[in-house]
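Fold and contact review
Here is how the chains run, residue by residue.
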Amino acid sequence: MDEICRNRAYAWRWRPGAAAHGYDARMGARGRKITGEAADTADAPMFELLGVRKHYGDSIAVDGISLAFARGVVTALIGSSGSGKSTLLRLLTGLLRPDAGEVRFDGCSLDAATLRQARQRMGYVIQEGGLFPHRTVLGNLSLLPVHLGWSGARVLERARELAVRVQLPEALLQRYPSELSGGQRQRVALMRALMLDPPVLLLDEPLGALDPIVRSELQEQLADMFAELDKTVLLVTHDVAEAAWLASRLVLLRDGRVEQDGSFAQLRQSPASTHVRRFLASARSLPEAP
Ligand code: ADP
Ligand code: MG
């Protein structure tokens, strides 16, 4: 398996000049023909966590979690503040290494040899957006693509395409993050995650701290995007209604452990604990269970 993963890491290396959204067909997206060594792992879940633990000093952030995330599925990670959602997402990106257990991405253990290529296939929006303040919007969007050899014209074309998709006025591409509203900054953070058209999106409260109207507009746009683009999405939110609206699977964390894993209807109809029931009840306006 290790040999396969190293070969595939090589096969997935970004090739400047490849097709517009240029990932090798061997990425294993559903419905695509998988050939060669990649076929061995194409049926693997996109992500697997096997007994993963992470602590900071005395505090255990992730306490022995085993989960698999299938391709093309939108999963929401929910739970109270401090329950381990952001830590779990950082472990999936490979930016944070587990103290124990293993994180696998597309059938391969995330390690020094596979991390770089794996990261180019994940769009990640960190909790506070993480835009560089001294770069314009376009400067922020172009960082990774330019590093990978894209021309300025190609970056601009892709940025314009995404601006239309997230309804960001094109004129804002030349502004600095401090010259944007919170909602606009969050759109830019999403655009940056989408620049390389990655098969995976890891979104840490991408709509946090927005006013309700902007938030519901962006929720609609995200829902359309997820449905249309067939991506594997992990969305962290503390908003149950948002999770139910955007995700088909909800994983509720508590104190670094999985308290319940299922559809919104399952969590609502058969809550695993009083805590789950209370957590769901705390949402002000819940959609009807199907
Ligand atoms: P959530 O995203 O669900 O709010 P986090 O994953 O950020 O939770 O945090 C889980 C736990 O780990 C919390 O107790 C938090 O205080 C702790 N923690 C997170 N990041 C750090 C860090 N860099 N240093 C120390 N403790 C941390
Ligand atoms: Mg968090």
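Residues numbered from 1 in each chain as written. Chains lettered and ligands numbered in written order. Predicted model: local features only at pLDDT ≥ 70, side-chain atom pairs only at ≥ 80, totals over all residues.

1. Details of the nonpolar core
Formed by 67 residues in total, the largest nonpolar core has its most connected members in Met191, Leu202, Leu235 and Leu250. Of the residues forming this core, the biggest block, 6 residues, is contributed by helix H6 (residues 182-194). Two domains each put at least three residues into this core: domain 1 (2-121 + 198-281) and domain 2 (131-197). In this structure Met191 touches Leu141, Ala159, Leu162, Ala163, Val166 and Leu168, once residues within four positions along its chain are discounted. (Core = buried A, V, L, I, M, F, W, Y, C linked by C-beta atoms within 7 Å. Buried ≥ 20, exposed ≤ 12 C-beta atoms within 10 Å, placed from the backbone. Helix = DSSP H or I, 4+ residues; strand = E, 2+ residues; numbered from the N terminus. Domains from an automatic or database assignment. Contact = placed C-beta atoms within 7 Å.)

2. Section: the site of ligand 1
Taken together, Tyr56, Ser59, Ala61, Gly79, Ser81, Gly82, Ser83, Gly84, Lys85, Ser86 and Thr87 form the complete shell of residues around ligand 1. The set of elements that each furnish at least two residues to the shell around ligand 1 consists of strand S2 (59-69) and helix H2 (85-93). For the shell around ligand 1, the leading source of residues is H2, giving 3 residues. Considered class by class, the residues forming the shell around ligand 1 number 2 nonpolar, 8 polar and 1 charged. (Near = placed C-beta within 6 Å. Nonpolar A, V, L, I, M, F, W, Y, C, P; charged D, E, K, R; others polar.)

3. So, the environment of Asp111
Within the secondary structure layout, Asp111 lies in the loop between strand S5 (108-109) and helix H3 (112-119). A residue is classified by how many C-beta atoms lie within 10 Å of it, and Asp111, with 16 of them, is partly exposed. Spatially, the C-alpha atom of Asp111 lies 7.6 Å from that of Gly94, the residues being 17 residues apart in sequence.

None of this, on its own, says anything about what the molecule does.
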